[in-house]
Amino acid sequence: MLDLQNLYLKFSNISLRSGLKSAHNALSTPPSPFLGKINTSNLAPLNADTVSFTGRGKANKLNKCDSNRPFMGDGAYPSENLRLVSDDDIKTYEIIRSAFGRTIIDNADKAMNHQAYSAYRSLLPLASDVYKQAKRAQGGFEITMCIFDSLVEGNSKSNKKYKPIAEKTTRVKSPQSIAKKMAVKVAELENKNDGYHVPVNQAFIKAELHDLLGARLILANGTRSEMNSVVNRLVESIESGHGPRIKTIKNYGAGHKYLSPSKSDELEAVNYKAYGHYPEVVNKKKTSGYTATHIIIEAGNGIDAEIQILGRGVARVKEIDDICYKGLQGKAISGMSDVSKALKAISRDPDLKKEFDKYITSAYEIARTQWDKMPDEELKKQKFPAIDTDIFPPCLDFNNIRAVLDEKAECKKHRRG
C-alpha cells in the first residue's frame, strides 16, 4: 500500500492540461507538482468551503497523438519516464477511476490517472465536514429510530415473544464513502454539462446524498403484516407530533413488494397533514430483482437519513449482490481478485451482463418467496442457486462467494480472540 508521500513522488512528473484543487488555494498559490499545470484563468471566487472542478479540457483523440504513449483520458499523457503503478496500487484507487467511467483493461492503461485521485483527495476535507455534521445529527436520528424498539426481537422482557422486526441497525456514512460518492456525482454532472465547472460545497453534498445517515430494519418473516406494523408505528409517531418528516418513499420490487399501495397512501396522507408536504413516491422494478422499501426522512441541519426495510432472505442476497455491483463498476473486491477480474469481463459484454442479471434475479426470487420466512439458523443452511459454469467461472457462484466471506469472518474473529 502506498502512503501519500510516495504517491506524490510517483506522480510528481505528470503534467496535465487541467486539474482541480481547493478553491481557497486555487487563486492564491501556484499549482503543486502533484496536481500538474492547472488553468485557473476562468475561476471565479468561491466560498471557502467550495471545491471547484473546472477547466478540464476535452480529450484529444488517440489517433491524433503518439499512439505509443499510454493515454490517460482528458487529453492527458504521462511523461516519458513515468513509472507505471503496480497492480496492488491500482486496487487501492480503482474506485476513483471507475467514478470517472474508466476501467483498467491493459498494461498501457495502468498508468494512474491521478486527476481522478486528486478529485477524491480534494473532496475529502468537505466530506469530513459533512460527516461531522451528520454525526451531530445522528443522536436525534437514533432517538427517532427508537420508535421501533418495542417491535424488535429481544427488546422485551420475554425474549421468546414474537416481534415483527428481527434486527435494527444504524450507521453514518464515512468521509471516504462521501468523497467517493461525490466523485461519481460530479462525473455524472460533468458529462451532462460538457465537462465544465462543477462547484461543490457542503450544501451541494447534503442535497445530493440522501443516505448520510442510515438504518436497516430486517423483518422477522418478510410478511406484509410485519411491514404494516412498521408503517403503523411510523404513522403514530408523525400523528403525535414527534415523528420524522418523510421526503421520499422508494418501493423496489415486482410482484412481492413489502409495502402495499394502501399503506404507502397512508404514509403520504399523514405526512401531508403534519407537514403540508406529500413525499415523492418511487415504484421501481430493479433489474437485479432486489426487493425492499427505502424511506428517506429529514434528520435536521440539511442531513437526510435513509431507512431500509427488507426481509432476512433478501438481506442475505443483497450482501453478495453489493459485492458483485462493485466489481461490475470496476471497483476492487478485497480478497477476491478472481471475482473482480470475472466481473470486469462481464461489465464489458452486454450479453454476459444480461445473463448474470438473470442469475442474481433468481437468487432474489428464492430469497423473497422462501428464505424471508426462515429463522436465521435455518436460513444459513440454504444454498444459493448454482451458476451456469458453461457460461461463467465457478468463482462467481454465490455459494463460493459466501464461503469466502465466511472464511474471512472466521479469520477476523480469531484475530480478535
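Placed above this text is the structure.
A brief report on the enclosed structure follows. Keep in mind it's a predicted model, so treat the numbers as computed, not measured.

So, how was this worked out
- Residues numbered from 1 in each chain as written.
- Predicted model: local features only at pLDDT ≥ 70, side-chain atom pairs only at ≥ 80, totals over all residues.
- Heavy atoms only, no water.
- Helix = DSSP H or I, 4+ residues; strand = E, 2+ residues; numbered from the N terminus.
- Contact = heavy atoms within 4.5 Å.
- Areas by Shrake-Rupley, 256 points an atom, 1.4 Å probe, with all protein chains shown as cover.
- Axes fitted to C-alpha atoms, helices over the stretch in contact; angles between N-to-C directions.
- Parallel < 35°, antiparallel > 145°, perpendicular 65-115°, else oblique.
- Phe/Tyr/Trp six-rings, centres within 6.5 Å; stacked < 30°, edge-to-face > 60°.
- Buried < 20%, exposed > 50% of the residue type's maximum accessible area, 1.4 Å probe, protein only.
- Lys NZ or Arg CZ within 6 Å of the ring centre and 35° of its normal.
- Core = buried A, V, L, I, M, F, W, Y, C linked by side-chain atoms within 4.5 Å.
- Pairing = 2+ DSSP bridges.
- Expected span 1.5 Å × (residues − 1).
- Polar contact = N/O pair within 3.5 Å; in protein donor to acceptor, adjacent residues only side chain to side chain.

Within the chain, the secondary structure is distributed over 13 helices and 9 strands. Counting only contacts in the chain whose residues sit at least 6 apart along the sequence, the fraction spanning at least 24 positions is 71%. Carbon and sulfur atoms form 49% of the exposed surface of the chain, whose accessible area is close to 20900 Å².

In this section: the packing of helix 9 (residues 312–328) against helix 13 (residues 398–416). Contact geometry of helix 9 with helix 13 gives a least axis separation of 11 Å together with a crossing angle of 95°. Judged by the inter-axis angle, helix 9 sits roughly perpendicular to helix 13. Every residue of helix 13 that contacts helix 9 at Arg 316, Val 317, Glu 319, Ile 320, Ile 323 and Cys 324 is listed here: Phe 398, Ile 401, Arg 402 and Leu 405.

On to the packing of aromatic side chains. Pairs of aromatic rings are described using the distance from one ring centre to the other and the angle between the two planes. Inspection of the entire model under this criterion finds 8 aromatic pairs. A ring pair is formed by Phe 356 and Tyr 359, whose centres lie 6.2 Å apart and whose planes are at 40°; its orientation type is tilted. One end of the pair, Phe 356, and the other, Tyr 359, are both in helix 11 (residues 350–369), 3 residues apart, so they sit about a helical turn from each other. A ring pair is formed by Tyr 359 and Phe 398, whose centres lie 5.0 Å apart and whose planes are at 75°; its orientation type is edge-to-face. Remark: Phe 398 occurs in helix 13 and Tyr 359 occurs in helix 11; sequence separation between them is 39 residues. For the residue pair Tyr 359 and Phe 398, the accessibility class agrees, reading buried in each case. One Lys or Arg, Arg 316, reaches over the ring of Trp 371 and ends 5.1 Å from the middle of that ring. The residue whose ring lies beneath Lys 318 is Tyr 290, and the NZ or CZ to ring-centre distance is 5.3 Å.

For the rest of this paragraph, the subject is the nonpolar core. With 86 residues, the main nonpolar core has Val 200, Leu 213, Leu 343, Phe 356, Leu 396, Phe 398 and Ile 401 as its most contacted residues. Counting residues per element, this core draws most heavily on helix 4 (residues 114–145), at 10 residues. Among residues more than four places away in sequence, those in contact with Leu 396 are Val 339, Ala 342, Leu 343, Ile 346, Phe 356, Tyr 359, Ile 387 and Ile 401.

Below, the discussion takes up the sheet that holds strand 5 (residues 213–219). Pairing between sheet strands relies on hydrogen bonds along the backbone, with the strands arranged either parallel or antiparallel. Across the sheet, which stays open at both edges, the 6 strands sit in the order 3-5-9-8-6-7 with mixed pairing between neighbours. On the outer flanks of this sheet lie strand 3 (165–172) and strand 7 (280–284), each paired with one strand and no other. The average undirected angle you get between the axes of adjacent strands in this sheet is 15°. Pairing analysis gives 5 bridges linking strand 6 (residues 246–252) to strand 7, with the strands arranged parallel. By the bridge assignment for strand 7, Tyr 252 is matched with Lys 284. The sheet contacts of helix 7 (residues 224–239) involve strand 3, strand 5, strand 6, strand 8 (292–300) and strand 9 (303–311), and relative to strand 5 the element is tilted by about 135°.

Between its first and last C-alpha, helix 13 extends 27 Å over 19 residues, near the 27 Å set by a 1.5 Å rise per residue. Elements that come into contact with the buried residues of helix 13 comprise helix 9, helix 10 (337–347) and helix 11. A distance of 2.8 Å separates the backbone nitrogen of Asn 399 from a side-chain oxygen at the start of helix 13, and that oxygen is part of Asp 397.

The general pattern is negative phi for most residues beyond glycine and trans for most peptide bonds. One non-glycine residue with positive phi stands out, namely Asn 301, at about 60°. If you trace the backbone, Asn 301 turns up in the loop between strand 8 and strand 9. We classify Asn 301 as exposed; its relative accessible area is 52%.

In short, shape yes, function no, at least from these values alone.
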